Amino acid sequence: MGGCFSKPKPVEVKIEVVIPEKERSKEEMSPNGKASPLIYKVNGTARHYHLEEHPIASNPYHNPKDMVEASVCHVKDLENGQMREVDLGCGKALLIKESGEFHAVGHKCPHYGAPLVKGVLSKGRVRCPWHGACFNIGTGDIEDFPGLDSLPRFQVKIEKEKVYIRASKQALQTQKRTKMMAKCISLSNYNLSSTNVLIIGAGAAGLVCAETLRQEGFSDRIVMCTMDRHLPYDRPKLSKSMDSHPEQIALRPKEFFCTYDIEVLTEMQVAAVDIKSKIAVFKDGFKMEYNKLLIATGNMPKALSCKGKEMENVFNIRTPEDANRVVKLATSKNVVIVGASFLGMEVAAYLAERAHSVSLVELEEVPFKKFFGERVGRAVMKMFESNRVKFYMQTEVSELREQEGKLKEVVLKSGKVLRADVCVVGVGAVPATGFLKQSGINIDSKGFIVVNKMMQTNIPGVFAAGDAVTFPLALRNNKKVNVPHWQMAHMHGRIAALNMLAHGTEISTVPYLWTAMFGKSIRYAGHAEGFDDVVIQGDLDELKFVAFYTKSDEVVAVASMNYDPIVSKVAEVLAAGRTIRKRDVETGDMSWLTGKGS
């Protein structure tokens, strides 16, 4: 059973269910050969389930006519530990030599298309230079995130000291591969108000959990539910590419969910979870039983507490519609952004060339001070100021004033009055876990769900993942931390799925994030909460630098701009469990990157 669940009317839930052709029974077909709606009694209410047909894609890589073979180099052209981008005439591949063996995989990262030849090769995997995704060089499989797809793997052979690659033309063109997945079986036997796996939340964590279950051969029912009206989408683009439409940033097309029998209930909010009965109760009264549960509800943005916060043209960027609306209203108008958070700064950068004016209000003295440190924060602030963004620091909003029902002015506690046609609020977020308060699931004082290394809560069969959890971070001696990064949500989802299947897999990934502003990116790896010093190499004024964040004598994180692939290199060192000492980075000696240092 697969498909997309649309929001129900008060009386019924309409669920599009797709059953693979081979699993349909004649009894379910109407006389005219079309699929008939199934009607079940759920909680005393008739609910209609409409069947649709969707073709299941076949594997395109077995057609001999689709294959190409080419000699790409001499065996002595590559040393061990080297990578080369090679052209096969109809597309490129990444040729790798490690431990005397040659491997060939796709040359672009499936996430955003980064050239992997500029990435980092280490112990059988290549790490993307842009956002840190990792791929096994022998299989092409994705091993760390972000992104959902793996790399295509190509055949390599050696003849007369020459290296040949044999590859599918289509794989060379697409440069990505979706791992084999199971499908749901015995669909007609299901009670539509129960599921084996229920996933609350349809972000990266929820989607990766569902996909991992299918990749591992799980063939029972999977249901995802979300308050959003859309299928899972690339949420970081809401502030980085604000005029993107939902279909442009969808993580998977609708057909994918149909093909692999992953059901998605949209515009459905869970109001409570009964852990004893294993039942999720939805806001509209609908109930669903589950066997395994993943809670991946993410965060909810904080609102302003001042007068006028509810008026028109004041936005939290939560959905594609929010982002699109802000861009439309801000064009050639006056914009005030409250909060120099990642979201606030990215929105300011995106709107700077479109709006008449962009003003940013922040309580701290410098943007990103707690995250990147004062020196990096000031360099970023200078870049924004050179792009017409005006900062109002160490102050807060005291009032939003309207004219004819619409926002007109933002009044600051400093007394300054800013003209404003649009206001975007980015003052932080809180975990969306209020519905769990009486559930018995362990929630900490800040509202985060507490999980162990296997993403398990204190309740058997209940897992949690993503921005709403605290988990033991191996990099920081298993300290319980909250890491609200896109990459980390992916990994949480994968670990949760593996442990639903009793694999006993513990999380050990290195946090990795990025932010994009004015065509430049800051990349970051590690976890620097509580850092006590920052060692800078490069030139902050030229925005070409690497910053090492230290705690006592140890480097705990790194950030860079225009210094690739240093962050991915450091991430690989940290992932290998090696310690980087402060003295190593202070001297500028980079031998530790190759394992020759401490």
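Attention here is on the structure that accompanies the text. Bear in mind the structure is a predicted one, so any value in this text is a computation, not a measurement. (Residues numbered from 1 in each chain as written. Predicted model: local features only at pLDDT ≥ 70, side-chain atom pairs only at ≥ 80, totals over all residues. Heavy atoms only, no water.)

Focus: the pattern of salt bridges
1) Next: Applying the stated criterion across every chain, the model contains 25 salt bridges.
2) Next: For R235, the salt bridge goes to D228, with nearest N and O atoms at 3.7 Å.
3) Next: Through salt bridges with shared partners, one network takes in E69, K157 and E159. (Salt bridge = Lys/Arg side-chain N within 4 Å of Asp/Glu carboxyl O.)

Notes on the nonpolar core
1) Next: Ranked by internal contacts, the top residues of the largest apolar core, which has 100 residues, are L198, V273, L294, I295, F471, F548 and V570.
2) Next: Each residue touching L294, except ones within four places of it in the same chain, is listed here: L198, I199, I200, A205, G206, C209, F463, A464, A465, A496 and M500.
3) Next: The next biggest cluster of nonpolar side chains, apart from the first, holds 54 residues, and it includes A379, M393, I536 and M561. (Core = buried A, V, L, I, M, F, W, Y, C linked by side-chain atoms within 4.5 Å. Buried < 20%, exposed > 50% of the residue type's maximum accessible area, 1.4 Å probe, protein only. Contact = heavy atoms within 4.5 Å.)

Comments concerning the pairing of strand 24 (residues 357-362)
Two faces, one strand: in a regular strand the side chains alternate between the faces of the sheet.
1) Next: Within strand 24, 5 of the 6 residues are buried, leaving the element largely enclosed by the surrounding structure.
2) Next: The pairing of strand 23 (residues 334-338) with strand 24 spans 5 bridges and is parallel. Across the sheet, I337 pairs through a bridge with L360, a residue of strand 24.
3) Next: Strand direction decides the pairing type here: strand 24 and strand 25 (residues 389-393), joined by 5 bridges, are parallel. Opposite S359, over in strand 25, you have K390 as the bridge partner. (Helix = DSSP H or I, 4+ residues; strand = E, 2+ residues; numbered from the N terminus. Pairing = 2+ DSSP bridges.)

Comments concerning the side chain of T395
1) Next: Checked against the element boundaries, T395 lands in the loop between strand 25 and strand 26 (397-403).
2) Next: Take T395: its relative accessible area is 8%, and that puts it in the buried class.
3) Next: There is a polar contact of 3.3 Å between the side chain of T395 and the backbone nitrogen of S414.
4) Next: Residues in contact with T395, not counting those within four places in the same chain, are V361, E362, L363, L412, K413 and S414. (Polar contact = N/O pair within 3.5 Å; in protein donor to acceptor, adjacent residues only side chain to side chain.)

Taken by themselves, the reported measurements are silent on function.
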